[in-house]
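Commentary on secondary and tertiary structure
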There are 2 protein chains.
Amino acid sequence: MKVVLGSGAQHMRDEFLAKAKDYGKEVIEVEIKTFPDGEKYVRILGDGEEAIVVQSTFKPQDEHLIELLLLGDALREKGFKHLKAVVPYLAYSRQDRVTKDGESISVRAILRALSLYYDEFYVFDLHNPKTLEFFPKNAVNLSPANAVAKYFKEKLGEGVVLGPDKGALERAKAVAEILGLEFSHFEKKRISPTEVQMTPVDIDVRGKNVLIVDDIISTGGTMIKAANLLREMGAKKVFVAVTHGVFAEGAIERVSKAVDELAVTNSIPTPVSKISLVEEILKL
Amino acid sequence: MKVVLGSGAQHMRDEFLAKAKDYGKEVIEVEIKTFPDGEKYVRILGDGEEAIVVQSTFKPQDEHLIELLLLGDALREKGFKHLKAVVPYLAYSRQDRVTKDGESISVRAILRALSLYYDEFYVFDLHNPKTLEFFPKNAVNLSPANAVAKYFKEKLGEGVVLGPDKGALERAKAVAEILGLEFSHFEKKRISPTEVQMTPVDIDVRGKNVLIVDDIISTGGTMIKAANLLREMGAKKVFVAVTHGVFAEGAIERVSKAVDELAVTNSIPTPVSKISLVEEILKL
């Protein structure tokens, strides 16, 4: 199995090169450049039958998406028979339904386009796993739980794992079960467009380390609120692990100040992308 | 028939609003915005059965292409039954074949993706008209000749129309026939990667105005060479009309200095996009 890394996976390149062989895979080179007029150029410098194409679609997301189509086209032209697209962070995954009449279901358009070239589709921690139904072939929502658990195992010790809301309970549970720890979630109530009321969880955190896990972080407001509440409740250290670091301006600093450690996966390269998904991808 | 204008057609908006009714069409509003994380949002604010979606795909071309997919998705969701995509300038149209092993046929990927949402595809003056075969439904390569002829009719008078090379002969012919003028082309020979030798045309240009027409202009080097040659041959005024103004830095100024007038169509908005394609689009 060959591995092809797009522009949205170059930050994982060194680790892929170091570990691919352990998983029976080989990274093949690809030339990617941008012409002066802004058009992308891709060229596959290797051969094979099957390939995993890794391309996370963070900003500039549209460029990464088009490049993923071009890589698919180049690989088919090269004679590759079976292609897996691995998109650690899937752009447009929050535009998964029509909220106001006239809107697009943007993620549907993206998945349909990718299905023209890719036989299988893999993504991490999708906002709404039902979204995968828009990919008309085999599609899988991968969990980052192994990677998160591995990263925080030592630091957390005999702590607890929490979701910041009920929707994140399954995420908390997945990490907690790997580590053999307790888990629960906050009750979150939106009281205005800008303010959220959080109710303490039904779990004793006094003197314990706590890991809050979620799929996505933007302003980090919820995380800061949860962390402050946990301190009031007597928690020892508060850690935050989030899959996709779609940080708003200044959010990394604000959250980092409020917690003992903030870590996100490398689905998006950020200064706190300390949890690597590379081995999870190499298992595919 | 409804007309929807994407971000790549906003520079044509006023003219569409002014003239749509004359062609039995109606422009419907669309909300287009970009979220702070860079994702596009589109929303169709009108209803109908059939629509023409106008979206030229100049820089940022990948954003315009993804937006065109999203507009298609939103229109289908709205219940539109038949969609025509009009892409005055088609990005990636020069990547229409594999020159070096391992390359993508990028324009194929683009046209296949658009065919997921659009029943018909229209483009102006494609670099290689055979490219349309990659769109698996009805696809048409429109000529800007009417618009070019209309713009230069008065200025050119009893002049001649020339292509800068043999490949542009058909373009010169199309404009010349509308105006009832003579036409021909230069013989162009590439003598090094940076230099081109041009041979005077087999036509008498002494005392005549000359219009040179081509599909695309980038550095404008060929046009400047042709213009200088025509002056040596005794031409009166030299005009240049190009369909797609993909100008390199400083090219507009360099070409404008070498000729009496430079005009391109509004397939790409530039300071010299004086030839409008709007009426040609409204005829569809």
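Residues numbered from 1 in each chain as written. Chains lettered and ligands numbered in written order. Predicted model: local features only at pLDDT ≥ 70, side-chain atom pairs only at ≥ 80, totals over all residues. Heavy atoms only, no water.

1. A word on the pairing of strand E15 (residues 261-265) of chain B
All names here are of chain B. Of all the 5 residues making up E15, 5 are buried; the element is thus mostly covered by neighbouring parts of the structure. Of the two faces of E15, the one holding Glu261, Ala263 and Thr265 and the one holding Leu262 and Val264 are both buried throughout. With 4 bridges joining them, strand E14 (residues 238-245) and E15 adopt parallel strand pairing. Of the residues in E15, the one forming a bridge with Val240 is Leu262. With helix H7 (residues 251-258) bridging E14 and the parallel E15, this β-α-β connection has right-handed handedness. Here E15 pairs with strand E16 (residues 273-275) via 2 bridges, running parallel. When the sheet's bridge partners are listed, Val264 is paired in E16 with Ser273. (Buried < 20%, exposed > 50% of the residue type's maximum accessible area, 1.4 Å probe, protein only. Helix = DSSP H or I, 4+ residues; strand = E, 2+ residues; numbered from the N terminus. Pairing = 2+ DSSP bridges. Right-handed = clockwise from strand over helix to strand, strands pointing away.)

2. What about the domain arrangement of chain A?
All names here are of chain A. Here the domain parsing of chain A yields domain 1 (2-142) and domain 2 (145-276). Domain 1 and domain 2 are separated by 28 Å when their C-alpha centres are compared. Facing the 12 residues of domain 1 at the interface are 12 residues of domain 2. Across the domain 1 to domain 2 interface the summed buried area is about 1000 Å²; carbon plus sulfur atoms make up 56%. Counting the surface domain 1 buries against domain 2, the share from its top three residues, His11, Tyr89 and Asp125, is 48%. Between domain 1 and domain 2 we count 1 salt bridge in total. On inspection of domain 1 and its partner domain 2, the count reaches 8 residue pairs in polar contact (both at pLDDT 80 or more). Partitioned by chemical class, the residues of the side of domain 1 that touches domain 2 number 6 nonpolar, 3 polar and 3 charged. (Domains from an automatic or database assignment. Contact = heavy atoms within 4.5 Å. Buried area = accessible area lost by both parts, 1.4 Å probe. Salt bridge = Lys/Arg side-chain N within 4 Å of Asp/Glu carboxyl O. Polar contact = N/O pair within 3.5 Å; in protein donor to acceptor, adjacent residues only side chain to side chain. Nonpolar A, V, L, I, M, F, W, Y, C, P; charged D, E, K, R; others polar.)

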